[in-house]
Amino acid sequence: MNILFAKIEIVRLDNMGDFCITNIKSLKNRELYQHKKENNIMFRTIRKKKNEISIDTAKALLQSSRRGVLAVNGDDGYPYAIPINYVYDDDAQKIYFHGARVGHKVDALRACDKVCFTVYGNETIKEEDWAPFVQSVVVFGRCYLVESGARATTLLKRFAMKYYPSEQLVDEEIAHAGKAVQIFEIKVEHLSGKEIQER
């Protein structure tokens, strides 16, 4: 196994979360870390093509999963990844989730809107019963706060309907605690999925 390590120095270019790599001590992989202009972002493809699943299969997993892991650029350059509930809108190519108005996640998103979101599931037995196959989906995108108003309330209700057993309970919860939360949306820029056997 050939593993490359690189020491990277990163300089923030602006308050929109764009970065420029200034020093990479791994000449072989230098091109992988060069800064890309906003309209020329390059995302990596699945390395082992035999493990790649179709976009439709990946979207189906994204649609059916109940929770995923959101990764943001946290304090002092450390990644910050947390499990969240969400709802996926395939037509809009957006992922919606709710959260508190203050905290580590909110601060991180204000500083940089680039995020990664991961779900996994659809565990199946195909060969050995001790080594299941598992599918996963990775999404890259930009995350924005949905301004308070009718649209935010509609999205909050749509989100809640995925988890609550009745519309009545949803309406009661929104009336009780709706003002304490806010809705975020992730604009999907790249999506890929794969299936691997856990062995």
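Above this text sits the structure in question.
Residues numbered from 1 in each chain as written. Predicted model: local features only at pLDDT ≥ 70, side-chain atom pairs only at ≥ 80, totals over all residues. Heavy atoms only, no water.

**Topic: the overall build of the chain**
At step 1: Within the chain one finds four helices and nine strands.
At step 2: If you list the helices and strands of the chain from N to C, you get β-β-α-β-β-β-β-α-β-β-α-α-β.
At step 3: By residue count, 35% of the 199 residues in the chain fall in the buried class.
At step 4: Of the contacts made within the chain by residues no fewer than 6 positions apart, 65% connect residues no fewer than 24 positions apart.
At step 5: A total of about 12,900 Å² of accessible surface is found on the chain, and carbon and sulfur atoms cover 52% of it. (Helix = DSSP H or I, 4+ residues; strand = E, 2+ residues; numbered from the N terminus. Buried < 20%, exposed > 50% of the residue type's maximum accessible area, 1.4 Å probe, protein only. Contact = heavy atoms within 4.5 Å. Areas by Shrake-Rupley, 256 points an atom, 1.4 Å probe, with all protein chains shown as cover.)

**Notes on the pattern of salt bridges**
At step 1: Per the stated rule, a full pass over the model turns up 12 salt bridges.
At step 2: Across the pair Lys59 and Asp90 runs a salt bridge whose closest N-O atoms are separated by 3.2 Å. Of this pair, Lys59 sits in helix H1 (residues 55-64) while Asp90 sits in the loop between strand S5 (87-89) and strand S6 (94-100), and the two are 31 residues apart along the sequence.
At step 3: Here Glu189 ties to Arg142 by a salt bridge, and the two come within 4.0 Å at their closest N and O atoms. Residue Glu189 is found in strand S9 (residues 181-197), and its partner Arg142 is found in strand S8 (residues 133-145); the two are separated by 47 residues along the sequence. (Salt bridge = Lys/Arg side-chain N within 4 Å of Asp/Glu carboxyl O.)

**Side note on unusual backbone geometry**
At step 1: Positive phi outside glycine occurs at Asp76, with the angle close to 55°.
At step 2: Positionally, Asp76 belongs in the loop between strand S3 (67-73) and strand S4 (79-85).
At step 3: Its identity is not glycine, yet Gln93 carries a phi of approximately 55°, on the positive side.
At step 4: Here Gln93 lies in the loop between S5 and S6.

**Considering the side chain of Gln135**
At step 1: Within the secondary structure, Gln135 sits in strand S8.
At step 2: Assessed through its relative accessible area of 10%, Gln135 is described here as buried.
At step 3: Among the polar contacts listed, one links the side chain of Gln135 to the side chain of Glu195, at a separation of 3.5 Å.
At step 4: For Gln135, the contacting residues outside a window of four places in its chain are Ile53, Thr57, Leu61, Val119, Tyr120, Gly121, Asn122, Lys194 and Glu195. (Polar contact = N/O pair within 3.5 Å; in protein donor to acceptor, adjacent residues only side chain to side chain.)

**Topic: the packing of aromatic side chains**
At step 1: Taken as a whole and assessed by the stated rule, the structure comprises four aromatic pairs.
At step 2: Residues Tyr86 and Phe117 carry aromatic rings whose centres are separated by 4.9 Å and whose planes lie at 75° to one another, so their mutual orientation is edge-to-face. Here the residue Tyr86 occupies a position in the loop between S4 and S5, and Phe117 occupies one in strand S7 (residues 114-124), the gap between them amounting to 31 residues.
At step 3: When the centroid spacing of 5.2 Å and the interplanar angle of 15° are considered together, the rings of Phe97 and Phe184 count as stacked. Pair noted here: Phe97 is in strand S6 and Phe184 is in strand S9, with a separation of 87 residues, a long-range link. Note on accessibility: Phe97 and Phe184 belong to one class, buried.
At step 4: Positioned above the aromatic ring of Phe133, the side-chain terminus of Lys126 is 4.8 Å from the ring centre.
At step 5: Here the basic side chain of Lys162 rests over the ring of Tyr86, its NZ or CZ set 4.0 Å away from the ring centre. (Phe/Tyr/Trp six-rings, centres within 6.5 Å; stacked < 30°, edge-to-face > 60°. Lys NZ or Arg CZ within 6 Å of the ring centre and 35° of its normal.)

**A few points about H1**
Within an α-helix, residues lying three or four positions from one another point in the same direction, as the helix has 3.6 residues per turn.
At step 1: Restricting attention to buried positions, one finds in H1 the residues Ala58, Leu61 and Leu62. Take H1 and look down its axis: the buried residues cluster within an arc of 100°, on one side only. (Arc of directions from axis to C-beta.)

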